[in-house]
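# Close look at the chain arrangement
Each chain is listed here by its residues.
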Amino acid sequence: MLEILIHGAVSSAIYAMLAVGFTLIFGVARILNLAHGSFYALGAYGAYFFTAQLKLPLLPAALLAIALVALFGVVVERVLVRPMRRSQLAVLMITLAVALVVEQVLFLTFGSEYRNVPAFVETKFTIGGVDVGGQRLLALGVSVTLIALLWIFIQRTRLGSAILAVSQDPEAANYMGIPSDRIFSIVMGLSAALAAAAGVLAGPFLTVQPTMWLLPIVKAFAIVIVGGLGSIPGSILAALMLGYAETIVGYLISTSWTEIVSVLATLLMLVFRPAGIFGKRAAF
Amino acid sequence: MFGKRIDFAGALGFIAFMAALPLIFGGNYLIGVLTVSVIYGIWAVSWDFMSGLTGRENFGHSLFIGVGAYTAGFLNTTFGFSGWWSLPAAMVMAMVFALVIGVPTLRLKGPYFALAMLSGAVIMQRLMLIFWEQTGGEEGINGIEPLIRSQLGFYYFALAALVLVTALLLALARSHWGLILRAVRGDEATCQAAGINVTFYKIASLMISAAFAGAGGAIYAHYQLQVSPQLFAIVTSITIITMVYVGGMASIYGPVGGAILLVLLTELLRNFGEWRLMIYSCTLILILFFLPNGLIAPTWRRMKSMLAGRE
């Protein structure tokens, strides 16, 4: 029972980090970023590359990886997405193409075998008779902190209110002197950094290989549908629901069935409440 | 008037060219490549019918292809159905999947359909691996009987299927039905206001598209004599989408040319095996930026107007 509680919390936290970034860039810039999973993969590979190949210590390597992925996100938005923003289809196509290029680059440079990302914490902790890897607890703690910081940043700072304003009405925000293009870049960077942080933190206990971007994007999509496209509290709640639902199904039935949970949740949600739990915009 | 005659002559010329190629050059290798290119042609045309006309991009066409191929393979190896029976069964099965995904997602505005198709294909591929006892896992299903034993015969059958599918979808796209689909692409709200049941048309055209993708999948299964979960991969869908973009979206005939051109080109690039997908993705990005109308359909239109002008 306690085992389900702890492991469910860890996977919920990772999902939340992925889904919050995904929903943020959609909510603010209306960009559905299919390359979001690639940021996660690049974060994990970056941590691997800087520690194993360049022999950097782990913390600077992790921060460097996250910073570079954020920069990559900004570049993708600037160069590839911005000229295409008029058509949502073109944005989807271009981000999917970017995701595939990233997968191929990872495959060609690192090969298809699994890579080991070193863990920050190697020790195992025993909580109430349950063994939990320290890295998992760290992932849980850091992601809760990061999401809380993001929330405070958006609610309490000037830049945060500018982001909120653009998400509500980019045109009106422009008239008020808010440079919405620059806001898009900043949000893309933030969202990429969050995904990369998830990759760095989850890398040690998940498989790191070139196709690792695919399932996270599917999960992020399911979470965002359930929580409501563009709603951050919605996606946090939905991440908790999906994380726990998967863990419970994994323990009670079999881990094979966990993949079905997200699909079922997505389909049911789209049939009965397409706007999601907290979605404000009607989907019809 | 002239335009139609030139179109017809162009189509006949193309069919004659494709039919003559293996006779002139011969060799089983070329026939194999051509057969694969023709099957990709069927997939690209079926994608274009739904997504090109309505503008609802389908990122999981591989779902229908895989479902068709697995249905055909399963019926053939487990129940001994011949290819002629598994082909329609594959079409029906793909249509059922189209209905299940289309009903919840296509009545909505927004990107739900594109994402649901992408997820659907990813999850189906996972399921094929997870339930390996039933599906054969990574190996897939082996020992499927060929539809037609002679290689050349099979090629002509696939070519005939491509011509049939293309003609059918072209006729549909140029009919009242196609007009509605194009209108949906332009402005859905206006269509609804005009009393058109937009959702019905979208779901029905997805089912038509899925049926032919499934048929193509079944033909592919009976050609390769095995199916593997790789068929469901995103790579399959993105390859098809690239072919449609190269051919010219919403032209129906363009994607056929795009498919054949790209399959033949990748055969030339075989030495770059590992780079293949990379080349596809980069081609797609370049086309999106520099040739948003594609390559083949606009070229044909220009040629046509030149010919018509001279007469």
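As the structure is a computational prediction, the values presented were derived from the model and not from experiment. Residue positions are given per chain, counting from 1 as you read along its sequence in written order. All chains are assigned letters beginning at A, and all ligands numbers beginning at 1, according to the order in which they are written. Selection of residues for local features in this predicted model requires a pLDDT of at least 70, selection of side-chain atom pairs for listing and counting requires 80 or more, and totals for whole chains, interfaces and linings are taken over all residues.

### Focus on the overall build of chain A
Selection rule: Comment: elements are numbered from the N terminus, with helices defined as DSSP H or I runs of at least four residues and strands as E runs of at least two. In this description the radius of gyration comes from C-alpha coordinates, and the expected globular size is given by 2.2 Å times residues to the power 0.38. With C-beta atoms placed from the backbone, a residue counts as buried when 20 or more other C-beta atoms lie within 10 Å of its own, as exposed when 12 or fewer do, and as partly exposed for counts between those limits. A residue pair is marked as a contact if its C-beta atoms, positioned from the backbone, fall within 7 Å.
The number of helices and strands found in chain A is 11 helices and 2 strands. Going from N to C terminus, chain A has its helices and strands arranged as α-α-α-α-β-β-α-α-α-α-α-α-α. Here chain A has a C-alpha radius of gyration of 18 Å; the compact-globule value for 284 residues is 19 Å, and the two agree. If one aligns the C-alpha atoms of chain A with their principal axes, the spans along those axes are about 60 × 45 × 35 Å. Across the 284 residues in chain A, those meeting the buried criterion constitute 51%. The contacts of chain A with a sequence gap of at least 6 include a subset with a gap of at least 24, amounting to 74%.

### Comments concerning the overall build of chain B
Along chain B, the regular secondary structure elements total 14 helices and 2 strands. Overall size of chain B, expressed as C-alpha extent along the three principal axes, is 60 × 50 × 35 Å. Classification of the 311 residues of chain B by burial places 50% in the buried group. Relative to all contacts within chain B whose residues are 6 or more apart in sequence, the contacts with residues 24 or more apart total 80%.

### Some thoughts on unusual backbone geometry
Even without being glycine, Arg 30 of chain A reaches a positive phi, approximately 60°. In this fold, Arg 30 of chain A is placed in the loop between α1 (2–29) and α2 (36–53). Residue Arg 30 of chain A is classed as partly exposed on the basis of its C-beta count, with 17 C-beta atoms lying within 10 Å. Positioned with a positive phi, Ala 250 of chain B is a non-glycine residue whose angle comes to about 70°. Along the chain, Ala 250 of chain B turns up in the loop between α11 (234–247) and α12 (253–268).

### Structural notes on the interface of chain A and chain B
The criterion, for reference: Amino acids outside the nonpolar list (Ala, Val, Leu, Ile, Met, Phe, Trp, Tyr, Cys, Pro) and the charged list (Asp, Glu, Lys, Arg) are all regarded as polar, and Gly is one of them.
Facing 28 residues of chain A, the contacting portion of chain B comprises 28 residues. No other element matches the 12 residues that helix α4 (residues 88–110) of chain A contributes to the side of chain A that touches chain B. Taken together, the residues of the side of chain A that touches chain B break down into 23 nonpolar, 4 polar and 1 charged.

### Considerations on the pairing of strand β1 (residues 124–127) of chain A
Remark: a regular strand shows side chains that alternate across the two faces of the sheet. Using the following cut-off: The criterion for strand pairing is that DSSP finds at least two bridges linking the strands in question.
With 4 bridges joining them, β1 of chain A and strand β2 (residues 130–133) of chain A adopt antiparallel strand pairing. Bridge pairing links Lys 124 of chain A to Gly 133 of chain A in β2 of chain A.

### Section: α1 of chain A
Residues and elements named next belong to chain A. Our working definition: Helix span is expected to be 1.5 Å times the residue number reduced by one.
Along its 28 residues, α1 runs 40 Å from first to last C-alpha, staying within 8% of the 40 Å computed at 1.5 Å per residue. The element α1 is largely enclosed, with a buried count of 23 among its 28 residues. Among the residues trailing α1, Arg 30 stands out with phi positive, at a value near 60°.

### A few points about the nonpolar core
Rules: Put simply, a nonpolar core is buried Ala, Val, Leu, Ile, Met, Phe, Trp, Tyr and Cys residues tied into one set by C-beta atoms within 7 Å.
By size, the foremost hydrophobic cluster in this structure holds 201 residues, and its most contacted members are Ala 196 of chain A together with Ala 94 of chain B. In terms of residue count, the dominant contributor to this core is α1 of chain A (16 residues). With residues up to four places along the chain from it excluded, the contact list for Ala 94 of chain B reads Phe 64, Val 67, Gly 68, Ala 210, Ala 211, Ala 213 and Gly 214 of chain B.

### A word on the environment of Leu 284 of chain B
Residue placement: Leu 284 of chain B occurs in helix α13 (residues 276–290). Sequence separation between Leu 284 of chain B and Tyr 245 of chain B is 39 residues; the distance between their C-alpha atoms is 7.4 Å. When near neighbours in sequence (up to four residues on either side) are disregarded, Leu 284 of chain B contacts Met 93 and Ala 97 of chain A together with Thr 242 and Tyr 245 of chain B.

### A look at helix α10 (residues 232–252) of chain A
Along its 21 residues, α10 of chain A runs 30 Å from first to last C-alpha, staying within 8% of the 30 Å computed at 1.5 Å per residue. Here α10 of chain A has its buried residues at Ile 232, Gly 234, Ser 235, Ile 236, Leu 237, Ala 238, Ala 239, Leu 242, Gly 243, Glu 246 and Thr 247 of chain A.

### Structural notes on the environment of Leu 162 of chain B
Structurally, Leu 162 of chain B can be placed in helix α7 (residues 151–173). For Leu 162 of chain B, a count of 27 C-beta atoms within 10 Å puts it in the buried group.

### Considerations on the confidence of the model for chain B
Predicted coordinates in areas of low pLDDT are best not read in detail. The following threshold applies: The predictor's confidence in any single residue is recorded as pLDDT, a number from 0 to 100.
Averaged over all residues, the pLDDT of chain B equals 88, while 98% of them reach at least 70. Listed scores for the predicted complex are pTM 0.86 and ipTM 0.80.

### Digging into the packing of helix α2 (residues 28–54) of chain B against helix α10 (residues 198–224) of chain B
Any two packed helices are characterised by the angle at which their axes cross and by the distance between the axes. All names here are of chain B. Under the convention used in this document: Inter-axis angles, ranging from 0 to 180 degrees, are taken between N-to-C directions of lines fitted to C-alpha atoms, where helices are fitted over the stretch in contact. Orientation labels follow simple angle bins: below 35 degrees gives roughly parallel, above 145 gives roughly antiparallel, 65 to 115 gives roughly perpendicular, and whatever is left gives oblique.
Relative to each other, α2 and α10 sit at 170°, their axes nearing to 9 Å. Classed by the angle they form, the pair α2 and α10 counts as roughly antiparallel. Two secondary-structure elements touch here, α2 through Thr 35, Ile 39, Ile 42, Trp 43, Ser 46, Trp 47, Phe 49, Met 50 and Thr 54 and α10 through Lys 202, Ser 205, Leu 206, Ile 208, Ser 209, Phe 212, Ala 213, Gly 216, Ile 219, Tyr 220 and Tyr 223. Broken down by class, the residue content of the contact of α2 with α10 amounts to 13 nonpolar, 6 polar and 1 charged.

### Quick word on the packing of helix α3 (residues 61–79) of chain B against α11 of chain B
All names here are of chain B. In plain terms, the rule: It is the rotation of the near helix from the far one that decides the hand of a crossing: anticlockwise by less than a right angle makes it left-handed, clockwise makes it right-handed.
It is the contact of α3 with α11, at a shortest axis distance of 8 Å, that shows an interaxial angle of 115°. Considering only the axes of α3 and α11, their crossing is right-handed. Contacts between α3 and α11 involve His 61, Ser 62 and Ile 65 from the former and Ile 234, Thr 236, Ser 237 and Ile 240 from the latter. Residue composition of the contact of α3 with α11, grouped by class: 3 nonpolar, 4 polar and no charged.

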